[in-house]
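Now for the letters of each chain:
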Amino acid sequence: MSFEIRFEDPPRSTRRWAKALPFDYEQVAATLCARPGEWAFIGATATPTRAGGVAQRIRDGVVEALAARGKFDAVSRTVDGEYRVYARFLGEAGEVAS
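All figures in this text were calculated on a predicted structure; none of them were measured in a lab. (Residues numbered from 1 in each chain as written. Predicted model: local features only at pLDDT ≥ 70, side-chain atom pairs only at ≥ 80, totals over all residues. Heavy atoms only, no water.)

(A) The arrangement of helix H2 (residues 48-60) in detail. Across its 13 residues, H2 extends 18 Å between first and last C-alpha, which sits within 8% of the 18 Å expected from 1.5 Å per residue. Among the residues of H2, Arg50, Ala51, Gly53, Val54, Ala55 and Ile58 are the ones counted as buried. Looking at the buried side of H2, the elements it contacts are helix H1 (25-33), strand E1 (40-45), helix H3 (64-67), strand E2 (71-79) and strand E3 (82-91). Just downstream of H2, Gly61 is the residue with a positive phi angle, here 75 degrees. (Helix = DSSP H or I, 4+ residues; strand = E, 2+ residues; numbered from the N terminus. Expected span 1.5 Å × (residues − 1). Buried < 20%, exposed > 50% of the residue type's maximum accessible area, 1.4 Å probe, protein only. Contact = heavy atoms within 4.5 Å.)

Next up, the structure:
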């Protein structure tokens, strides 16, 4: 086995540093609020960790565009190698049972 050291610059990173909240949440909120309780695929992320993080922020009410409209649920799933986020509108804050 041969071991070779070469001096060269590393290739440009292919990792995309998307915004912490990579979706158009105003559109997501409007669409989900129109059909309360129904799950919807809202988008995919680059990694399963990011998908899980987005879902967690939605559930925790951290995404202001959604929290302003009420309570949302969200989950992340890996489907055919794609890291997806699904969400649903549960109701206005005063209507949702704790």
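(B) Quick peek at the pairing of E3. Here 5 bridges tie E1 to E3, and the two strands are oriented antiparallel to one another. If you follow Gly43 over to E3, its bridge partner there is Val85. The pairing of E2 with E3 spans 9 bridges and is antiparallel. Across the sheet, Phe72 pairs through a bridge with Phe89, a residue of E3. Connecting E2 to the antiparallel partner E3 that follows it, the hairpin turn spans 2 residues, and Asp80 within it adopts a positive phi of roughly 50 degrees. (Pairing = 2+ DSSP bridges.)

(C) Spotlight on the sheet that holds E2. Read across the sheet, 3 strands follow the order E1-E3-E2 without closing on themselves; strand pairing throughout is antiparallel. Each of the sheet's edge strands pairs with one partner strand only, and the pair in question is E1 and E2. The average undirected angle you get between the axes of adjacent strands in this sheet is 30 degrees. The sheet contacts of H1 involve E1, E2 and E3, and relative to E3 the element is tilted by about 55 degrees. Its contacts with the sheet place H2 against E1, E2 and E3, and it is angled at close to 165 degrees to E2. (Axes fitted to C-alpha atoms, helices over the stretch in contact; angles between N-to-C directions.)

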